Structure formats: structure tokens, C-alpha cells
Amino acid sequence: MTTFKTLDDADVTGKRVLLRVDLNVPMKDGVVTDKTRIERVLPTIREISEKGGRVVLLAHFGRPKGKPNADMSLAPVAPVLAEMLGQPVGFADDCVGPVAAGIVSALKDGNVVLLENTRFHEGEEKNAPDFVDALASLGDVYVNDAFSAAHRAHASTEGLAHHLPSYAGRTMQAELEALEKGLGNPERPVVAVVGGAKVSSKIDLLQNLVSRVDALVIGGGMANTFLAAQGISVGKSLCEHDLADTARAIVEAAKAAGCAIVLPVDAVIAREFKAGAASETVDVHAVPDDAMILDAGPKSVETVNQWLDKAKTLVWNGPLGAFEIQPFDKATVAAARHAAELTRAGKLVSVAGGGDTVAALNQAGAAADFSYVSTAGGAFLEWMEGKPLPGVEVLKA
Ligand SMILES: Nc1ncnc2c1ncn2[C@@H]1O[C@H](COP(=O)(O)OP(=O)(O)O)[C@@H](O)[C@H]1O
Ligand SMILES: O=C(OP(=O)(O)O)[C@H](O)COP(=O)(O)O
């Protein structure tokens, strides 16, 4: 398992440690609404700081596409992190260049600084050599504790490991160990629930996933894309129509693999994407052109729960609806509570992950009963699919 070096092997005292963390936390109006990802990286930050390392945190937030964007600044995260850590956390409003260099060179042993969103630079996602060099010049050692971003071969998740002595952080280690323990040899039937909004970045991996699970329950924006691919009109719903062929190919692959595909049969729709918007439940074949599907309906939830009853193992990424907005949290909350109940009764091994999924499980009061809650969504599904994760592979090199 731990075929890479960990903090046990690292000499960090007096060193500038570039520590990649995932601070892509759910946020509303500049307020962090779920702190799980921050909580999970505290042990690594503390350990390096207590050993006298100078901690330079690298992280991304959202998808700003290589340009600075005030709505995707990490600035609001620094005070939350400082409070949870119990020590000051500096902030540099650029992750490279003179601002970052100045703040990093002023650090004393044990200090912690957070650098602005790495994705404000195009070089991050392109893993561009000059951007990697610029980041590398700020550190002596690289530690990656962002398992949830390890499926990205970006400068701060992969490129840096080619330049500096590199180690896995405690969360990276713990995530891989927990996933191997919970899902390395899963008891069947295995049911996967995949929902959420990141349709284009997750749909491809369903192609392999269907050969590893017995049923794939599809919800959220992902379900809309599959419904539309069947010729069902989804109105103004979040839906990636250009992925219809991919969706149809996944349904075929599932058939060939003997994996059941479970799609919603009814939906909660609204005409506005806001709390308290007038909503109604309709058959998925009766979504008006000017309406959006924002949640799965009660019949769909019943079907999901029946599949959970049959399952011995559950893997879940992506909420079944827009759970942050009432009343569109109902399907996600109901399924989460049912899975929690089955897990408590010893009938189900339940593993869930993803920034928003974890927030939804917390909202449902179900997270504590799950067998394991990962910080990772896409990375966890890719791991499940058996795909090598660039951010993990490079640590083994
Ligand atoms: N039907 C829907 N329409 C619009 N947004 C949806 C719908 N269902 C789920 N979502 C949104 O999906 C988001 C989470 O998706 P994603 O990022 O893929 O999950 P995770 O962070 O757990 O990996 C949530 O913000 C939720 O509001
Ligand atoms: O939130 C994340 O992934 P997730 O939504 O799959 O849980 C990670 O921070 C990765 O973000 P990305 O999918 O924009 O690369």
C-alpha cells in the first residue's frame, strides 16, 4: 500500500514545505458551509509545523480557468483554517511571483501561509514547466495531502513531485488505506450512486465503473443527461446534451456487464433555482420546457432505497438533487439516512465521497454512520475504477 514515502521519511525542520491540500470546500456568500476538507488536512499541517517546517499551502478553488476571479479566491478560507488550526495562517494573494516569494521568505519555523488559488494561472492545469518551476522555487520539500485532487495531473498535484523531494501527507495515506480496507474486496452486490453536477468530468469513468458494480444509480445533473439521451425532454435542467452518445454507450456497456442502470422515474421540478421556489413532482416524461429538474421524486427514492436494501456495499459520489436549496434536498437526505440506517444495522458497508456529497451527508445527519467518508469524489471513483491517479503515481516514482 504505502509504496511511497510519507512524513515519517521527511526531514522538514527549518525547510519550506510546499503542502498541496484540497480546500475546494462548499461555500455560500463567502462563508464555508462544510469544513470537512479543512478538518482532514489539519493533522498534516500540525505535524509539519510542530516539527519546525515552514508550511506553504497550495490549493485550488472552483474552476476559474486560468484567470484570477474574486469569486474563487481562497482568502475567505484562511481565517477558517487559522481558527481550526489554533494558530495564525498568513495569506498571499498570488501563488507565484514576488508577493508569494516575499511572504514565504519571511516565514519562521512552524509558521503557516496559504497561497492564492493555483488555478488563477493557466500553467496549473496545463502542468506547464515554467509554472512548476515558479512554484518549486518557493519550497525545499513537497508534500501532497490532496487525495481528492490526485486524479488531476496539474502542476501542484503532479508536476512539483518531479522537482522536489516528495512525500504523501497523512490524509493521502489515510484515504488510500481506508478505501483499500473498505472497497479493496467489496462484498456483492455493490451499488454505486453517482449524481451531482460535474457531468462531463465524471461521465467517462462510468464506462468502467459499470463492470465493477452490480447496479449504478444515477441522480442529479448526471441523471438528466441520461434521461435526455433516451429522448426524454428535461426542459431547462442542468444537462449536457452533447454527451448523449456517451450516456447511451454507458447504458450498453452496463447491459453487457450485467449491471443495472437505475434512473429517476419522477422528479421535483421548479422554474427558479432558489430556496422556497414553487415546486411540483412530475413523472420524468412530463417535465415542461420552462422547468428544471432539481431533485428526484419520491418514487425514485423508493427505488434507490430498495437497491440499497439489496446491496452489501455502497459507493456514493454526487448528490441526487440540488440539496443546498430547500426543498430540493429531500431525495439525497432520504437515501443518505436509509444508507446510514442499514450501515448501523450491520447490513451495508457504505463509502461515500466528494466535497458536496460529504456536505449533504452532514446536512442529513448521516455522515457519522457511514463506514467511511472520503474527502474525494472524482478521485475516489477513479480509484474505484482501478485507474492510476497521477498525483499518487508520481509519489511512488
Ligand atoms: N438536478 C440538479 N440540478 C442542478 N444541480 C444539481 C442537481 N443535482 C445535484 N446538483 C448539484 O450538484 C452539486 C454537487 O456535484 P459534484 O461537485 O459533482 O459533487 P461532489 O462535490 O460531491 O463530488 C451540488 O452543488 C448540487 O446542487
Ligand atoms: O472537489 C473536487 O472534486 P469532487 O467534486 O469530485 O469531490 C476536487 O477539489 C477536484 O476538483 P475538480 O473536479 O475541479 O478538479
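Computed from a prediction, not measured in an experiment: that's the story for all the values here.

Chemist: Help me out: how do you make sense of the sheet that holds strand S11 (residues 260-262) in this one?
Modeler: Note: strands within a sheet are paired through backbone hydrogen bonds, in either parallel or antiparallel orientation. Within the open sheet, the six strands sit side by side as S11-S10-S9-S15-S16-S17. Their pairing is parallel. The open sheet has two edge strands with one neighbour each: S11 and strand S17 (372-374). Across the sheet, the axes of successive neighbouring strands diverge by a mean angle of 15 degrees, strand direction being ignored. In the sheet, strand S16 (residues 349-353) pairs with S17 via three bridges, with the strands oriented parallel. Considered in S17, the bridge of Gly 353 is made with Ser 374. Most of the contacts of helix H12 (residues 355-363) go to S16, to which it runs at about 125 degrees, and overall it touches strand S15 (313-317), S16 and S17.

Chemist: Honestly, the UniProt feature "binding site: ATP" (unreviewed entry) in the protein in this entry has me stumped. Any pointers?
Modeler: Per the UniProt record, "binding site: ATP" (unreviewed entry) is found at Lys 202, Glu 324, Gly 354, Gly 355, Asp 356 and Thr 357. Within the fold, Glu 324 resides in the loop between S15 and helix H11 (330-344). Here Gly 355 shows up in helix H12. Judged by C-beta crowding, with 22 C-beta atoms within 10 Å, Gly 355 ranks as buried.

Chemist: Got a minute to help me understand the site of ligand 2 in this structure?
Modeler: Surrounding ligand 2, one finds 13 residues, the nearest of these being Asn 24, Gly 354, Gly 355, Gly 377 and Gly 378. Viewed by domain, the shell around ligand 2 spans two of them, domain 1 (7-171) and domain 2 (186-385), each represented by three or more residues.

Chemist: Please explain unusual backbone geometry as it appears in this structure.
Modeler: Peptide bonds are trans in most cases, and residues, glycine excluded, mostly fall at negative phi. Residue Pro 189 follows Arg 188 across a cis peptide bond; omega there is 0 degrees. Structurally, Pro 189 can be placed in the loop between helix H6 (170-183) and strand S9 (190-194). Each neighbour pair has its own omega, and for Gln 326 with Pro 327 the value is 0 degrees, a cis peptide bond. Along the polypeptide, Pro 327 turns up in the loop between S15 and H11. For Asp 29, which is not glycine, the phi torsion reads 50 degrees and is therefore positive. For Asp 29, the position within the fold is in the loop between strand S2 (27-28) and strand S3 (31-32). Overall, Asp 29 belongs to the exposed group, with 6 C-beta atoms counted inside 10 Å. Here the phi dihedral of Asn 127 falls at roughly 55 degrees; this positive angle occurs in a residue that is not glycine. Its place among the elements puts Asn 127 in the loop between helix H4 (122-126) and helix H5 (129-136). Taking the number of C-beta atoms within 10 Å as the measure of exposure, Asn 127 has 19 and is therefore partly exposed.

Chemist: Mind showing me how you'd approach the UniProt feature "binding site: (2R)-3-phosphoglycerate" (unreviewed entry) in the protein here?
Modeler: According to UniProt, the "binding site: (2R)-3-phosphoglycerate" (unreviewed entry) feature falls on Arg 37, Arg 119 and Arg 152. Mapped onto the secondary structure, Arg 37 falls in helix H1 (residues 36-50). When residues no more than four places from it in sequence are discounted, the contact partners of Arg 37 are Asp 22, Leu 23, Asn 24, Val 25, Gly 355 and Thr 375. With residues up to four places along the chain from it excluded, the contact list for Arg 119 reads His 60, Arg 63, Pro 64, Gly 66, Glu 124 and Glu 125.

The rules we used
Residues numbered from 1 in each chain as written. Chains lettered and ligands numbered in written order. Predicted model: local features only at pLDDT ≥ 70, side-chain atom pairs only at ≥ 80, totals over all residues. Pairing = 2+ DSSP bridges. Helix = DSSP H or I, 4+ residues; strand = E, 2+ residues; numbered from the N terminus. Axes fitted to C-alpha atoms, helices over the stretch in contact; angles between N-to-C directions. Contact = placed C-beta atoms within 7 Å. UniProt positions renumbered as here; feature names shortened; annotations may be inferred. Buried ≥ 20, exposed ≤ 12 C-beta atoms within 10 Å, placed from the backbone. Near = placed C-beta within 6 Å. Domains from an automatic or database assignment.

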